[in-house]
Amino acid sequence: MTFSPQLEARFEKLLTSYPPGRQRSAMIPMLMYAQDELGCVSDELIDEVARRIGVTPLQVNEVLTYYSMLHRKPLGKYHVQVCTNISCLLYDGDKLYEHACKKLGITHKEVTADGQFSIEEVECMGACSWAPAIQINYDFHHYVTPEKLDQLLDGLRKKQ
Amino acid sequence: MADLVNLTIDGRAVQVPPQTLVIDAAKTVGIEIPAFCYYEGLSLQAACRMCLVEVEKMPKMMTACTLPVAEGMIVRTETEQVKQARKYTLEFLLTNHPLDCPVCDKGGECELQDMVFRYGAGESRYTEEKVHTPEKQFSPVVFFDAPRCILCFRCVRICNEGMGVNALGVINRGVVSEIAPNVGDHLECDECGACIDICPVGALTSGTYRYQTRPWEMTHVGTICTHCGDGCKTTLGTRNDEIIRGNNRDRSGINGEFLCIKGRYAFDFYNHPERLQAPMVRVNGKLEEVSWAQALEVVARKFDATVSANGSFGVIGSNHTSNEENFYLQKFAREVLKTNNIDHHRTGDVVTLLDAMSGTKSQLATVADLYDRKAVLVLGADLALEHPLLSYQIRANYRHHQAHVYAITPGEVREDKYTVASIRVGGGPASKKGDLGVIPGKEVGATTSGPGSHPVGGPGVVPNAEAGAHFDPVNGPGKATGSPTGFVVPANVKSITGNYFDALESLRDQLKAEPELVILFDDSIKGADVRALVEFAESLGIPVKFICLVDYANSRGAVDMGLTPELFPGYKPTGASGMHVSEMTGSDLDVLWVVGANPLKGAVKRKAGFLVVQDMFLTETAQQADVVLPAASAYEKSGTVTNTTGEVQQLTRAVNTMGAKPDLEIMGFIAREMGVAGQLGPWVANVVFEEIRKNVRGYSLPMPVIATGGAAQSMPVNGRIAVDDLSALVHSDHNGLFASGTLGRYSKVLNSVLESHLSR
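Residues numbered from 1 in each chain as written. Chains lettered and ligands numbered in written order. Predicted model: local features only at pLDDT ≥ 70, side-chain atom pairs only at ≥ 80, totals over all residues.

Thoughts on the overall build of chain A
Then step 1. Within chain A, the regular secondary structure consists of 7 helices and 4 strands.
Then step 2. Helices and strands appear in chain A in the N-to-C order α-α-α-α-β-α-α-β-β-β-α.
Then step 3. Looking at chain A residue by residue over its 160 residues, the buried ones come to 32%.
Then step 4. For chain A, restricting intrachain contacts to residue pairs at least 6 apart in sequence, the fraction spanning at least 24 positions comes to 58%. (Helix = DSSP H or I, 4+ residues; strand = E, 2+ residues; numbered from the N terminus. Buried ≥ 20, exposed ≤ 12 C-beta atoms within 10 Å, placed from the backbone. Contact = placed C-beta atoms within 7 Å.)

A word on the domain arrangement of chain B
Accessible area lost on assembly of the parts is the figure often given for the size of an interface.
Then step 1. Domain annotation for chain B reports domain 1 (5-93), domain 2 (109-271), domain 3 (280-346 + 553-718) and domain 4 (350-548).
Then step 2. Spacing between the C-alpha centres of domain 1 of chain B and domain 2 of chain B amounts to 26 Å. (Domains from an automatic or database assignment.)

Topic: the pairing of strand β21 (residues 419-424) of chain B
Residues and elements named next belong to chain B.
Then step 1. Taking burial as the measure, the 6 residues of β21 include 6 buried ones, the bulk of the element.
Then step 2. Of the strand pairs in this sheet, strand β20 (residues 404-409) and β21 are connected by 5 bridges, and their pairing is parallel. Residue pairing for β21: Thr-409 is matched across the bridge by Arg-424. (Pairing = 2+ DSSP bridges.)

Side note on the sheet that holds strand β7 (residues 142-144) of chain B
All names here are of chain B.
Then step 1. Spatially, 3 strands are ordered β6-β7-β10 in an open sheet, and the strand pairing comes out antiparallel. The strands lining the two open edges of the sheet, one partner per strand, are β6 (136-137) and β10 (204-206).
Then step 2. Inspection of the sheet shows β6 paired to β7 by 2 bridges, in the antiparallel sense. Looking at β7, one finds that Lys-136 is bridged to Phe-144.

Examining the nonpolar core
The nonpolar side chains of a soluble globular protein tend to be buried with one another.
Then step 1. Formed by 224 residues in total, the largest nonpolar core has its most connected members in Cys-195 and Ile-519 of chain B.
Then step 2. Per-element tally for this core: the top contributor is helix α18 (residues 663-674) of chain B, with 7 residues.
Then step 3. Not counting the four nearest positions on each side in its chain, Ile-519 of chain B is found in contact with Leu-377, Leu-379, Leu-533, Ala-537, Val-544 and Phe-546 of chain B.
Then step 4. The next biggest cluster of nonpolar side chains, apart from the first, holds 17 residues, and it includes Cys-88, Phe-117, Ile-134 and Val-144 of chain A. (Core = buried A, V, L, I, M, F, W, Y, C linked by C-beta atoms within 7 Å.)

Some words on helix α4 (residues 154-162) of chain B
Residue and element names in this part refer to chain B.
Then step 1. Among the 9 residues in α4, 9 count as buried, and that is most of the element.
Then step 2. Among the residues of α4, Arg-154, Cys-155, Val-156, Arg-157, Ile-158, Cys-159, Asn-160, Glu-161 and Gly-162 are the ones counted as buried.
Then step 3. Elements that come into contact with the buried residues of α4 comprise β8 (168-171), β9 (178-181), α5 (194-198), β10 and α12 (388-401).

Some points on unusual backbone geometry
Outside of glycine, negative phi angles account for most residues, and trans bonds account for most peptide bonds.
Then step 1. Residue Pro-132 of chain A follows Ala-131 of chain A across a cis peptide bond; omega there is -5°.
Then step 2. Structurally, Pro-132 of chain A is set in the loop between β2 (117-122) and β3 (134-136).
Then step 3. Notably, Asn-166 of chain B is not glycine yet its phi reads approximately 60°, a positive angle.
Then step 4. On the secondary structure map, Asn-166 of chain B appears in the loop between α4 and β8.
Then step 5. Note on Asn-166 of chain B: 23 C-beta atoms within 10 Å, which makes it buried.

So, the confidence of the model for chain B
Residues and elements named next belong to chain B.
Then step 1. Of the residues in chain B, 91% reach a pLDDT of 70 or more, and the chain-wide mean stands at 89.
Then step 2. When pLDDT is averaged over each element of chain B, strand β31 (residues 627-630) comes out on top at 98 and strand β23 (residues 476-477) at the bottom at 30.
Then step 3. Overall, residues 429-488 carries pLDDT values under 50, and its contacts beyond four positions in sequence, including any with other chains, amount to 155 contacts.
Then step 4. Reported for the predicted complex are a pTM of 0.89 and an ipTM of 0.87. (pLDDT = per-residue confidence, 0-100.)

Here's what the structure looks like:
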């Protein structure tokens, strides 16, 4: 399986970042970076990562299915993750999530028809101090209100 | 011992070695701490939380299965708090458990059922709907029912650590976690079924045993598996003269609880529809069923007539029949038929090994030695496929004692994952798959793993079939596919163009530094090579033990019992000549008597004037016979067999099959019909074994050990065995996990698993 030169360079660096015999430690970052490039984790990618770090595809699958940030299906260009864990919940995170669903017309782990947005209800992402928090791709947004969310999404939609 | 640790468990003083776990320490004074995930010999998990105990000065309850003992520790296992914890743990484990005990195969021998019965969590406070997923079939022999699973990881660990296969894993998280097979929706593995036996609940069930019976309805008979030469004890669960299952949960025998697919499932040849159940005699060119009396009379009259006419006999014995049968057969041939034309298919050069060892310090190893000894060297065989028990023992030795393992083989072997050095002889690629413990971007020979270090990926990495293309021994790593990242074979594997002895020489210094060594070799080392090997071992100056690998359940016993023209039982040279198997099948003897062998396979035309065959099935040889006598299988008779390490164990009759008789009985009846029964003695296994014990060199074995189902190693034959080098006759069948000579063809299970159709 071939990747972009940038990704290959990253893999190269990752595989030499751990002590000999512990290359399997590179599994999660490899999957994350590859997912960013490919959009999701494909069967082919599982086999390739397994081969490169000397584990079985099943062992990759074990990790892959454990972590919610790794996806088997392609997500929207903008992946909206709304926290509904305790702190955010106290600040109406659940209502924010419902609002986002209504606004985009999709629900948990679904993608809009134009492939631009996807939504996911997530557990705590460590932004309790600024609840309610959301994460769009790798960017955090704090003290999010339904109005602020609308602006954010509209802004992204215009950017396309 | 001075360095024992003192602690108190439930008010009782306990003394155990340091590092002992509290759960094991408790066991030494008869206190049982319940646990599901803890399993002796496997890595620790602490997943089930069942073993929580109170330890003084520790604020919370501790998992006894991961807590090592400490001086002065005070443990309490039966307090109210502990009991309550157990009850709550059970309540929690039962959250999604379907409680379908009435239809579950495990009912009656289920650890969860026992615990719930004892600590009671009959009522649950969980009112939510239980998560249900439908049952899955992983393979013809492995079924998985996810809701019953309590996620103890035992199956995953036995597969990864015990078997070295890595075919099972746990996917997803939390309440939807479940056991997953290695290839999409199914398993591609050894199909050994260890995961099923080790499952404390009914989550993994056996394709052959499921819905058949209840454990308490069966009679459990411990006997010896009749397939390969390792001599595993298999406990057959029988009901109404039917074998329902095979396992070895009581850990009796030299194999502990280990069994491969053959021991656990491949007993099923015994009731194959083509099993012979009546004697047959050729009438007008066609085999017709007759009574036993008629058939025996035909054989006896022919034998009589040939003896009195000074006619020629040939006798071919078996690798599967018992020592008693082999002994009786050679006695019959030599004393009654007055012939020295007696032989069997030789699968390993035991004779030369014993001869070469005489006068040296070398000894024969036992199966247990492979687990205890500090270093092991494998020559030739792919042990994991051909001798799965021996492979399992070595793997456990590496896991528990960090044994140094060396392998010199023509191809890739499972041992490569943890060897100090693996050498491919004959110039083949060092690794045909190329990703075992692979470090990308490193040159061949880079030090990435060595003695005692875990290869990349930890013990038990399974090769990925796709990876082969990326390693090109000519162009070097990675070039074959143009991949920018190279892949090389691990540093412990190298390839040489030379032979086994070049490889041994290259390891000389390393081997010399070992405190002791066990050497296993198959038929690629025979004749003069065996002598050279023993010489090499002697020159190392360390204690060396040997195992000469042979193919079948009693291949070793057949040589021991003198089923060869050149040797009497106990390796006494006959000094007389006689025909070998191929000579017998190729010459026009007056009578050829074949007992439990198939020398005419592969469309060999019979030459003998009269052919008598004793077998379970109408093999190619039996099809050409004049008389076919239906023989009992190893599971239908008593007697003893000798495994590849020379350990003698007892067969116990588990079932009876109508019409078939044990070969010993058949031979006895022929003798009686001929009027020579008095000369040959009674055809009762115990009596014949007494004769063997008294007369056969090396077999004066302790009867109490054998009679109680133990294994006693036949003594080494001390002294030269002055016979010609006949190692050219030695030829192993190299049966893999899913083959077992002629017998393997008649096992439904062996033929049903996917892997038997892949090239393995």
